Amino acid sequence: MFGFGKKKEAKKEDKADSKNFIKVSTPFEHPVEGIVPPKEKKLTDEQDTKYQEVLHYFQRPDLEVSVKEKESSKKEPLIDDEKAWLTRECILRYLRATKWVVKDAIERIEGTIAWRREFGIQYQDPEKNSCNAKLVEPESLTGKQVVLGFDNDARPCLYLKPGRQNTKTSHRQVQHLVFCLEKVIDFMPSGQDSLALLIDFKQHPEISANVETSKIPPLSVGREVLHILQTHYPERLGKALLTNIPFLGRAFLKLIYPFIDPLTKEKLVFDAEFKKFVHAEQLDKDFEGLVDFEYNHELYWPALLEITQKRRAAYFERFHKFGAVVGLSEIDLRGSSEKLTVPIGKHPYNASESTENLVEEVSDATEKLNL
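Residues numbered from 1 in each chain as written. Predicted model: local features only at pLDDT ≥ 70, side-chain atom pairs only at ≥ 80, totals over all residues. Heavy atoms only, no water.

1. Regarding the overall build of the chain
Consideration 1: When you go through the chain residue by residue, the secondary structure sums to twelve helices and nine strands.
Consideration 2: Every one of the 371 residues in the chain was classed for burial, and the buried ones make up 52%.
Consideration 3: A separation of at least 24 residues holds for 76% of the contacts in the chain among residues at least 6 apart in sequence.
Consideration 4: Carbon and sulfur atoms provide 51% of the accessible area of the chain, an area that totals close to 18400 Å². (Helix = DSSP H or I, 4+ residues; strand = E, 2+ residues; numbered from the N terminus. Buried < 20%, exposed > 50% of the residue type's maximum accessible area, 1.4 Å probe, protein only. Contact = heavy atoms within 4.5 Å. Areas by Shrake-Rupley, 256 points an atom, 1.4 Å probe, with all protein chains shown as cover.)

2. Comments concerning the confidence of the model for the chain
Consideration 1: The pLDDT averaged across the chain works out to 85; a share of 79% of its residues lies at or above 70.
Consideration 2: The low-confidence segment residues 1–13 (pLDDT under 50) makes 21 contacts with residues lying over four places distant or belonging to another chain. (pLDDT = per-residue confidence, 0-100.)

3. As for the environment of W301
Consideration 1: Within the secondary structure, W301 is located in helix α10 (residues 297–321).
Consideration 2: Sequence separation of W301 and E137 is 164 residues, and the distance between their C-alpha atoms is 8.5 Å.
Consideration 3: Among all residues touching W301, those that are not within four sequence positions of it are A133, V136, E137, S140, F179 and Y295.

4. Describing the environment of Q309
Consideration 1: Secondary-structure assignment places Q309 in helix α10.
Consideration 2: With residues near it in sequence (within four places) discarded, Q309 still touches D125, P126 and E127.

5. Examining unusual backbone geometry
Most peptide bonds adopt trans geometry, and most residues besides glycine take a negative phi value.
Consideration 1: The phi dihedral of W100 is positive, around 65°, even though this residue is not glycine.
Consideration 2: Note that W100 resides in the loop between α3 (88–97) and α4 (102–119).
Consideration 3: Phi is positive for A154, close to 65°, though the residue is something other than glycine.
Consideration 4: Within the secondary structure, A154 sits in the loop between β4 (145–150) and β5 (156–160).
Consideration 5: On the basis of relative accessibility, which here comes to 0%, the residue A154 falls in the buried class.

6. Comments concerning the packing of α3 against α4
Consideration 1: It is the contact of α3 with α4, at a shortest axis distance of 8 Å, that shows an interaxial angle of 120°. With respect to α4, the element α3 is oriented oblique. Between α3 and α4 lies a crossing of right-handed hand. On α4, the residues touching I91, Y94, L95 and A97 of α3 are V102, A105, R108, I109 and T112. (Axes fitted to C-alpha atoms, helices over the stretch in contact; angles between N-to-C directions. Parallel < 35°, antiparallel > 145°, perpendicular 65-115°, else oblique. Left-handed = near helix turned anticlockwise from the far one by under 90°.)

7. A short note on the packing of aromatic side chains
Consideration 1: Taken as a whole and assessed by the stated rule, the structure comprises eleven aromatic pairs.
Consideration 2: Seen from the ring of Y57, R60 lies directly overhead, with NZ or CZ sitting 4.8 Å from the centre. (Phe/Tyr/Trp six-rings, centres within 6.5 Å; stacked < 30°, edge-to-face > 60°. Lys NZ or Arg CZ within 6 Å of the ring centre and 35° of its normal.)

8. Focus on the pattern of salt bridges
Consideration 1: Using the criterion set out here, one finds 23 salt bridges in the structure.
Consideration 2: E89 serves as the salt-bridge partner of R88, at 2.8 Å between the closest nitrogen and oxygen. No difference in accessibility class separates R88 from E89, as the two residues are buried.
Consideration 3: Measuring nitrogen to oxygen at the nearest pair gives 3.0 Å for the salt bridge that ties D292 to K285.
Consideration 4: Here D292 falls in the buried class, since its relative accessible area comes to 17%.
Consideration 5: Residue classification places K285 among the partly exposed positions, given a relative accessible area of 33%.
Consideration 6: What emerges from the salt-bridge pattern is a single network uniting R116, E182, D186 and R312. (Salt bridge = Lys/Arg side-chain N within 4 Å of Asp/Glu carboxyl O.)

9. Things to note about the state of the cysteines
Consideration 1: Counted under the stated rule, the structure contains zero disulfides.
Consideration 2: Of all cysteine sulfurs, the one in C180 lies closest to C131, which takes part in no disulfide; the gap is 9.3 Å. (Disulfide = S-S within 2.5 Å.)

10. Considerations on the packing of helix α6 (residues 171–186) against α10
The packing of two helices is summarised by the inter-axis angle and the distance between the axes.
Consideration 1: Where α6 contacts α10, the axes come no closer than 9 Å and their chain directions differ by 60°. Compared by their axis directions, α6 and α10 come out oblique. Judged by the twist between their axes, the crossing of α6 over α10 is left-handed. In this structure, α6 uses F179, E182, K183 and D186 to contact α10, whose residues at the interface are W301, L304, L305, T308, R311 and R312.

11. Here's the deal with the pairing of strand β3 (residues 71–77)
Consideration 1: With four bridges joining them, strand β2 (residues 64–68) and β3 adopt antiparallel strand pairing. For S66, the partnering residue across the bridge sits in β3 and is K75.
Consideration 2: Hairpin geometry of β2 and β3 is characterised by an intervening segment of two residues between the two adjacent antiparallel strands. (Pairing = 2+ DSSP bridges.)

Following this line, the structure appears as structure tokens:
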């Protein structure tokens, strides 16, 4: 059913020369020079029309959204932080995930906004969120989840290492995963809106020798994580590479496999060589790369927080610079151009207006929405 077998031992001649190793203690901030995101496919006229419908719905000044995912009694207007999250690419991700059904896309987006409020990640300033660095830091002490490097399509890589598990099963483990997902998204370069997961089940018994933990999460936790990934991070997963899967891990995958949507299944790669997907200069030496990375919490954790906080601040600053409205493009929000390059509501490859007119269009949109 899975199409994966036991990982083959690497040939001696394939292993990197230790003399060429690059000692690294903190995250890479950019992809290897020359690696850029692939160009986005042009929308059809029908797809563009549906996008405009969803965009206009969320541009309504009277719009209110629930504050809890499964309750609709209390609703509140969108705050600027949520409008900054509601980008052109965000809307397109939900439309693709719902097979371009406008009603379903709107419901899914509203559901995610409610979930983000309830989960505590609705603010662009990470210190305002209840799911924050202080809360999840105990889960980070052994480096069981690490943002490190970019793949060959300029996707930032999030390493998941269940064998480094250091805590008992709890909701905080789920919060830690979501926290790390938000961090890896912060690393995305302009033009890239998906990430790569590199999951290594290699055992590290010394990590949790004194803690009664299970390396394989219970089914309930697995289903909650799948629900979050599929429902609230649609189209974010570009590739997932899994290796060193133990017997219990394979049994767990078989249990949750029926709950994985077909599109996600297509992105799972079992027991492949990571070096085929990630440039050696940004790949951990454990996977035949050139990066000599040993997790040191005192060095890595502060660097991760500093880099991502600066990126978020720059993102939010550009959001306000370009009008602080729903529908701005992540190409511009993560870019460096002083002028808007993707008009609100337009596809980047359909845009014909001059950059001066683009800024004027944002100002007009802001005035119409009374923002």
